[in-house]
Amino acid sequence: MIELIIEWFKGSKKRIAFILFATALCSLVEVFLLYIMADYIDQVLIPRLPKEIIKYFFFLLSIFLVDIFFRYKTAIQLVKLEVVVSGRAVYDITNKVANYHYDFLKEKNAAYLAQRLEQDARDIVRFITGNAANVAIGACNVLGALLYLWYVNWNWIIAFILIIGTYVLFYKLVQQRLAVLSLATRESDSIYYGYLVTIFQNIKAIKIHAAEHIFSRGLIKRLIKLYSTNCSRASLSFWFSSSREIVNRIFMLVIFIYGGFCVIEGKLTIGQFVAVNTYFALALSGASVFLNMAQDYKNVEAAYIRIHELQTQKLEIFGNKILHDSLQTIELYDVSYVVNGRHIINNLSFTFERGKLYCIIGANGAGKSTLVNLLVGLIAPSTGDIRYNGIAITDLDIKKLRKKIIGFSDQEAFVNEDLLKSRQVNMKLVDGFSQGFKKIIFSKYDINLLSGGEKQKIAHSIFMQPENELLILDEPTSAMDKEDSAVLWKYLNECKNKKIIIVITHKRDEIEHADVVLNMGTGL
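Sequence order as written defines the numbering, with residues in each chain counted from 1. Totals for whole chains, interfaces and linings use all residues, but because this is a predicted model, local features are given only for residues with pLDDT of at least 70 and pairs of side-chain atoms are given and counted only at 80 or more. The basis for every side-chain value is the complete set of heavy atoms in the structure, and neither hydrogens nor water enter the calculation.

1. Topic: the side chain of Lys499
Next, step 1: Each helix corresponds to a stretch of at least 4 residues labelled H or I by DSSP, and each strand to a stretch of at least 2 residues labelled E; elements are numbered beginning at the N terminus. As for its position among the elements, Lys499 is in the loop between helix H16 (482-495) and strand E8 (500-504).
Next, step 2: Accessibility here uses a 1.4 Å probe with only protein chains present; expressed as a share of the type maximum, an area under 20% marks a residue as buried, one over 50% as exposed, and anything in between as partly exposed. The charged-residue count follows a simple rule in which Lys and Arg add positive charge and Asp and Glu add negative charge, with His and chain termini not counted at all. Any carboxyl oxygen of Asp or Glu within 4 Å of a side-chain nitrogen of Lys or Arg constitutes a salt bridge here. Here Lys499 is buried and forms no salt bridge, its nearest opposite-charge partner Glu467 lying at an N-O distance of 7.0 Å.
Next, step 3: Counted as a polar contact is a pair of N or O atoms within 3.5 Å, where, for protein atoms, one must be capable of donating a hydrogen and the other of accepting one, and residues adjacent in sequence contribute only when both atoms are in side chains. Of the polar contacts made by the side chain of Lys499, one reaches the backbone oxygen of Asn468; its length is 2.4 Å.
Next, step 4: Should any heavy atoms of two residues lie within 4.5 Å, those residues are counted as being in contact. For Lys499, the residues in contact, after removing those within four places along its chain, are Glu353, Arg354, Gly355, Lys356, Gln465, Pro466, Glu467, Asn468, Glu469 and Leu471.

2. Some details on the pairing of strand E3 (residues 356-361)
Next, step 1: Counting buried residues in E3 gives five out of six residues, a clear majority hidden from the surface.
Next, step 2: What makes two strands pair is DSSP finding at least two bridges between them. Relative to E8, E3 runs parallel, the two being bridged by five bridges. Each bridged residue has a counterpart across the sheet, and for Lys356 the counterpart in E8 is Ile500.
Next, step 3: In the sheet, E3 pairs with strand E9 (residues 516-519) via four bridges, with the strands oriented parallel.

3. Observations concerning the packing of helix H8 (residues 212-264) against helix H9 (residues 270-311)
Next, step 1: Axis definition: a line fitted to C-alpha atoms, limited for helices to the stretch in contact. Angles are taken between N-to-C directions and run from 0 to 180 degrees. At a closest axis distance of 11 Å, the pairing of H8 and H9 adopts a crossing angle of 165°. Our classification of the angle between H8 and H9 gives roughly antiparallel. In the crossing of H8 with H9, the sense of the turn from one axis to the other is right-handed. Counting all contacts with H8, which are made through Arg233, Ser237, Phe240, Ser241, Arg244, Asn248, Met252, Ile255, Phe256, Gly259, Gly260 and Val263, the residues of H9 involved are Ile270, Phe273, Asn277, Phe280, Ala281, Leu284, Ser288, Leu291, Asn292, Gln295 and Asn299.
Next, step 2: Each residue receives one of three labels: charged for Asp, Glu, Lys and Arg, nonpolar for Ala, Val, Leu, Ile, Met, Phe, Trp, Tyr, Cys and Pro, and polar for the others, Gly being one of them. Across the contact of H8 with H9, the residue classes break down as 11 nonpolar, 10 polar and two charged. Any angle between 65 and 115 degrees counts as roughly perpendicular, while under 35 counts as roughly parallel, over 145 as roughly antiparallel, and the rest as oblique. If you view the pair so one helix is near and one far, a crossing is left-handed when the near helix is turned anticlockwise from the far one by less than a right angle, and right-handed when it is turned clockwise.

4. Overview of unusual backbone geometry
Next, step 1: One non-glycine residue, Asn389, adopts positive backbone phi at about 50°.
Next, step 2: Structurally, Asn389 is set in the loop between strand E4 (383-388) and strand E5 (391-392).
Next, step 3: In this structure, Glu475 is a non-glycine residue whose phi angle is positive, near 45°.
Next, step 4: By the element assignment, Glu475 lies in the loop between strand E7 (470-474) and H16.

5. Thoughts on the packing of aromatic side chains
Next, step 1: The pairing test for Phe, Tyr and Trp rings, Trp by its six-membered ring, is centres within 6.5 Å, and the orientation test on the planes gives stacked under 30 degrees, edge-to-face over 60, and tilted for anything in between. A full pass over the atoms with the stated rule returns eight aromatic pairs.
Next, step 2: Between Phe21 and Phe70, the ring centres sit 6.3 Å apart and the planes meet at 75°, which makes this aromatic pair edge-to-face. One end of the pair, Phe21, is in helix H2 (residues 13-44); the other, Phe70, is in helix H3 (residues 50-98), with 49 residues separating them in the sequence.
Next, step 3: Centroid distance Phe433 to Phe437: 5.4 Å. Interplanar angle 85°. Geometry classified as edge-to-face.
Next, step 4: Ring-pair connections join several aromatic residues into one group, and the members of that group are Phe21, Phe69 and Phe70.
Next, step 5: Across from the ring centre of Tyr195, 3.8 Å away, lies the NZ or CZ of Arg222, which sits over that ring. Either the NZ atom of lysine or the CZ atom of arginine qualifies as a charge over a ring when it sits within 6 Å of the ring centre and within 35 degrees of the ring normal.

6. Quick word on the pairing of strand E1 (residues 329-339)
Next, step 1: Bridge analysis of E1 against strand E2 (residues 342-353) gives eight bridges, and the strand direction is antiparallel. Counterpart to Ile330 in the pairing with E2 is Phe352.
Next, step 2: If you look at the hairpin formed by E1 and E2, you'll find two residues sitting between the two strands, and Asn340 has a positive phi there, around 50°.
Next, step 3: Across five bridges, E1 lies against E4 in antiparallel orientation. Bridging from a neighbouring strand, Ser336 pairs with Thr383 of E4.

7. A look at helix H11 (residues 398-405)
Structurally, the α-helix is built with 3.6 residues per turn, so residues lying three or four positions apart point the same way.
Next, step 1: The complete set of buried residues in H11 reads Ile398, Leu401 and Ile405. Buried residues of H11 fall within an arc of 70° about the axis and therefore sit on the same side. The outward face of H11, more than 90 degrees from its buried face, is lined by the exposed residues Lys399, Lys403 and Lys404.
Next, step 2: Of the surrounding secondary structure, the elements contacted by the buried residues of H11 are E4, strand E6 (406-409) and E7.
Next, step 3: Structurally, the start of H11 carries an N-cap: the backbone nitrogen of Lys399 is 3.3 Å from a side-chain oxygen of Asp397. Of all possible arcs, the one meant is that of the directions from the helix axis to the C-beta atoms.

8. Description of the environment of Leu181
Next, step 1: Residue position: Leu181 is located in helix H6 (residues 155-201).
Next, step 2: Residue class for Leu181 comes out buried when judged on its relative accessible area of 7%.
Next, step 3: When the C-alpha positions of Leu181 and Phe9 are compared, they lie 28 Å apart, and in sequence the two are 172 residues distant.
Next, step 4: If near-sequence neighbours (up to four positions away) are discounted, Leu181 is found in contact with Ser232, Arg233 and Leu236.

Next comes the structure, spelled out in structure tokens:
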């Protein structure tokens, strides 16, 4: 975990140094003020001139103002540090997750994965930022308080050590159970959130099919699990905290009575008596920072376990070769893809050639989408080989291949504002599509309010660029009307001489455009 934290915080050294300095300063000021207040109490018991009391007032006021200033600056810097570092952490892990093997990603609920990543990274960062300041405060409080207690009477130090020993014993009893419950709570929280997002993402289908009660039951089931794990963890944490509080009160009562006898016997002044009780409470408060940190660490440890799991997944493994020549062929040699013992694709050998338009047909489950995923390197064949211009796909720089060579427009149109702003659009398609489409694509429309057909046309316009030499379209006209479908097919026929075009379709009139039809069979 230490290496991970250093990596995240390495760009914020100056901000961290200021936070630690300012926090330590404010803590020392607090310790010093207690000493001044104790001295003031003893001084006012002796007749003094009013001007000397006024001196105390202005001295304390100046210290208060300095303290407030540095506390304000520290609070602002802590917020900045948390936002910057947690943002950097999520950014780094997200980029890494984007390079994971597709088999891992397709099995995860996207909302679950996003909430899990953001929450775990944020809580680790908060643990460090919060406790960095708290540790500085706690250390200064304990050190300053113990020095004063030692100066007054070393017996107070023995009492302090006994209390800390009791704290540590209680923590040892609960730490393992606390770790298990922390991990279970985080997982149930992510699962609940992921299911909730799934409901909102599919609210239209849920309403149409009157399935609200089904998903309500599913939500309640996950909420009960979340409730159970949170209650169990809260109960254990409360027991631990309450045990410490009971010990605190017993010892403080003993110290209060013992201190009273010391005053009666003349061993302590009234000011020292007040200071001893206050400093002892301050020392316990400082020690509690470290115990609370140990308790919180189990929660953060659970977050780290989940972060580590994400960081150690199987990466896409490809080479660094680049296609320098125009794409001529894509060859499949005895390609098979097996899932749980079932052959989705079995010993397929086929060659896609430049200048031809291919239609892939077949029943649901026959392997059409699987074949496309294999061609773009999202999944790897169980056996066999795929070659671009004779070069194995595993030897190619897959990112450059996807960016420069492949144009892929999926059945479920993937469009958003960032893509639309950052990608060039195919003006030949834009100009050809129905009147009014150009206004949509170049105006600030809310993409979420567009129809399925409009989204599909936007996707084609973004992902089918003139320079792409391999165009793959999955049910490209499923949401489009006849006029716009005709525009798309006209474009494909006009540009196919310089490309390999692969279309998955079930429509008979579209299959007629194909130079070659690849029937994937029945899928049985």
